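Reading the structure
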Amino acid sequence: MTSIKDQDLSKNQRLVRNIVLHAVDQVNFTLKNLGKRPTFAMLIECENCLTDLMPVIKLIADDYIEYAPVYDQMTNALEAVQIHEDVCLIEFA
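Residues numbered from 1 in each chain as written. Predicted model: local features only at pLDDT ≥ 70, side-chain atom pairs only at ≥ 80, totals over all residues. Heavy atoms only, no water.

**Comments concerning the pattern of salt bridges**
Should the charged atoms of two oppositely charged side chains come close, the side chains can pair. Quick reminder of the rule: What makes a salt bridge here is a side-chain nitrogen of Lys or Arg within 4 Å of a carboxyl oxygen of Asp or Glu, nothing more. Each helix is a run of DSSP H or I of at least 4 residues and each strand a run of E of at least 2, with the numbering of both proceeding from the N terminus.
Evaluation of the coordinates by the stated rule reveals one salt bridge. Among the salt bridges present, the one from Asp62 reaches Lys58, with a minimum N-O distance of 3.1 Å. Of this pair, Asp62 and Lys58 are both found in helix H2 (residues 40–63), four residues apart, which corresponds to roughly one turn of the helix.

**Here we look at the state of the cysteines**
By definition, a disulfide links two cysteine residues through a covalent bond between their sulfur atoms. Under the convention used in this document: Pairs of cysteine sulfur atoms within 2.5 Å are identified as disulfides in what follows.
According to the stated counting rule, one finds zero disulfides in the structure shown. The cysteine Cys46 is free of any disulfide, with Cys49 supplying the nearest cysteine sulfur at 6.7 Å.

**Digging into the confidence of the model for the protein chain**
The cut-off we apply is this: pLDDT is defined as a per-residue confidence score from the predictor, taking values between 0 and 100.
Here the protein chain averages 87 in pLDDT, while 89% of its residues score no lower than 70. Element-level pLDDT for the protein chain is lowest in helix H1 (residues 9–36), with a mean of 90, against a maximum mean of 93 in H2.

**Re the packing of aromatic side chains**
Operational definition: Geometry of aromatic contacts follows a simple scheme: Phe, Tyr and Trp rings, the Trp one being its six-membered ring, pair when their centres are within 6.5 Å, and the pair is stacked under 30 degrees between planes, edge-to-face over 60, tilted otherwise. Burial here depends on accessible area, computed with a 1.4 Å probe over protein chains only, as a share of the maximum for the residue type. Under 20% is buried, over 50% is exposed, and the range in between is partly exposed.
Evaluated as defined, the whole model comprises one aromatic pair. A centroid spacing of 6.3 Å and a plane angle of 65° characterise the contact between Tyr64 and Tyr67, whose relative ring orientation is edge-to-face. A relative accessible area of 7% places Tyr67 in the buried class.

**Some points on helix H3 (residues 68–82)**
Selection rule: For a helix, the expected span equals 1.5 Å multiplied by the number of residues minus one.
Look at H3: 21 Å from first C-alpha to last across 15 residues, which is about the 21 Å you get at 1.5 Å a residue. Among the residues of H3, Ala68, Val70, Met74, Ala77, Leu78, Ala80 and Val81 are the ones counted as buried. One or two residues past the end of H3 sits His84, with phi positive at roughly 60°.

**Describing the side chain of Glu47**
The following threshold applies: When charges are counted, Lys and Arg are positive and Asp and Glu negative, with His and the chain ends excluded. Whether two residues are in contact is decided by their heavy atoms, any of which lying within 4.5 Å being enough.
Inspection of the secondary structure assignment puts Glu47 in helix H2. With no salt bridge to any partner, buried Glu47 finds its closest opposite charge in Arg37, at an N-O distance of 16 Å. Dropping the residues within four chain positions of it, Glu47 is found in contact with Leu78, Val81 and Gln82.

This is the structure:
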């Protein structure tokens, strides 16, 4: 059995990055759909997507500070959706 200190950290880092990328893709897809079809159902779907994925990104951002801006952008997007303002897509560099 391999101890934790001997594990390949790059695999863990890639996994975390892939999780964040997937969350960003899902949120951006929903935000684009809301922009194309701003119905009440799409608004609810967008809020659901954001509120489902934000806790995951928050947990990651707590341990990996470089992902904190993604969480902040998601928070801003959720607020914009809830007050019916223009929404910007989440940027992940």
